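Descriptive analysis of the structure
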Amino acid sequence: GGRTDLADNERSEIKILEEFLPAQMSEEKVREIILKKKAEMGLLHTKLEECGIKTIQVKNFMRDISLTKELSSFFEIYKIVKNNRPNVVHLNSSKAGGVGALATRVVSILSFLGPRTYRLAPRIIFTAHGWPFKEERKRYQKWVIYFLSWLTMLLCHKIIVVSKDDGHRAPSLFVKNKLVLIHNG
């Protein structure tokens, strides 16, 4: 209620998503699927639903690392992308970004092996709400997480950061031109 500053930020994020929509599509066909990992659906979810844009929450994601949950999440995202054929996949959180971007790229690559009518090439947008390698950890863990963050960025078409600091600290090799800053309130 009354937080126009937050609504403006969400509108900016929606504009980034709209950049990747195919111009030739009618408004009715422009129903994007957004993969989200958020236990609570926030303002972005509400605004997208109001616009008739479908969102899907991945059920198998959890904060703690679990190989079986990560594999379940990968295949869940793979099936969602393959079955729904979105033009845009929007991912939040570091783990969702990495697993979701990889699953979406695998669907895209495999779709090019099949008939021409089944080809998929959704645009992948990742919103980084901070970088996990900035957290207090052992040095080798930070380097591994930094590398995985960089791989995530390589797999994505656009990366939204919510602060100047996140933009400056983001891995930059081959990916700096993918960054867009949208302040988070």
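Look up: the structure comes first, before these words.
The sections below set out a description of the structure shown in this document. (Residues numbered from 1 in each chain as written. Predicted model: local features only at pLDDT ≥ 70, side-chain atom pairs only at ≥ 80, totals over all residues. Heavy atoms only, no water.)

This part covers the overall build of the protein chain. Regarding its fold elements, the protein chain presents six helices and six strands. What you see in the protein chain, going N to C, is helices and strands ordered as α-β-α-β-α-β-α-β-α-β-α-β. Residue burial in the protein chain is summarised as follows: out of 185 residues, 43% are buried. Of the contacts formed within the protein chain by residues at least 6 apart in sequence, a portion of 61% connects residues at least 24 apart. Accessible surface, the protein chain as shown: approximately 10800 Å² in total, 56% of it carbon and sulfur. (Helix = DSSP H or I, 4+ residues; strand = E, 2+ residues; numbered from the N terminus. Buried < 20%, exposed > 50% of the residue type's maximum accessible area, 1.4 Å probe, protein only. Contact = heavy atoms within 4.5 Å. Areas by Shrake-Rupley, 256 points an atom, 1.4 Å probe, with all protein chains shown as cover.)

As for its placement among the helices and strands, His157 is situated in the loop between α5 (139–155) and β5 (158–161). Within polar-contact distance, the side chain of His157 engages the side chain of Arg105 at 3.4 Å. Each residue touching His157, except ones within four places of it in the same chain, is listed here: Arg105, Pro122, Arg123, Ile124 and Lys178. (Polar contact = N/O pair within 3.5 Å; in protein donor to acceptor, adjacent residues only side chain to side chain.)

Let's shift gears to the nonpolar core. Ranked by internal contacts, the top residues of the largest apolar core, which has 28 residues, are Ile77, Phe126, Trp131, Met153 and Ile159. Every element with two or more residues in this core is listed here: α3 (67–84), β3 (88–92), α4 (94–111), β4 (123–128), α5 and β5. The greatest single-element share of this core, amounting to five residues, is contributed by α4. With near-sequence residues (within four places) excluded, Trp131 lies in contact with Phe126, Ser149, Met153, Ile159, Val161, Asp166, Arg169 and Ala170. (Core = buried A, V, L, I, M, F, W, Y, C linked by side-chain atoms within 4.5 Å.)

Now for the packing of α3 against α4. α4 packs onto α3 with a crossing angle of 50 degrees between their chain directions and a minimal axis gap of 9 Å. The pairing of α3 with α4 is recorded here as oblique in orientation. As for how α3 packs across α4, the hand of that crossing is right-handed. Facing α3, whose interface residues are Glu70, Ser73, Phe74, Ile77, Tyr78, Val81 and Lys82, α4 presents Lys95, Val99, Gly100, Leu102, Ala103, Thr104, Val106, Val107 and Leu110. Each residue belonging to the contact of α3 with α4 can be placed in one class, and the counts come to 10 nonpolar, three polar and three charged. (Axes fitted to C-alpha atoms, helices over the stretch in contact; angles between N-to-C directions. Parallel < 35°, antiparallel > 145°, perpendicular 65-115°, else oblique. Left-handed = near helix turned anticlockwise from the far one by under 90°. Nonpolar A, V, L, I, M, F, W, Y, C, P; charged D, E, K, R; others polar.)

It is worth spelling out the pattern of salt bridges at this point. Counted by the stated rule, this structure contains five salt bridges. Of the charged contacts, one joins Asp165 and Lys134 as a salt bridge, the two residues approaching to 2.8 Å between their closest N and O atoms. Of this pair, Asp165 sits in helix α6 (residues 164–169) while Lys134 sits in the loop between β4 and α5, placing them 31 residues apart in sequence. For Asp165, a relative accessible area of 34% translates into the label partly exposed. (Salt bridge = Lys/Arg side-chain N within 4 Å of Asp/Glu carboxyl O.)

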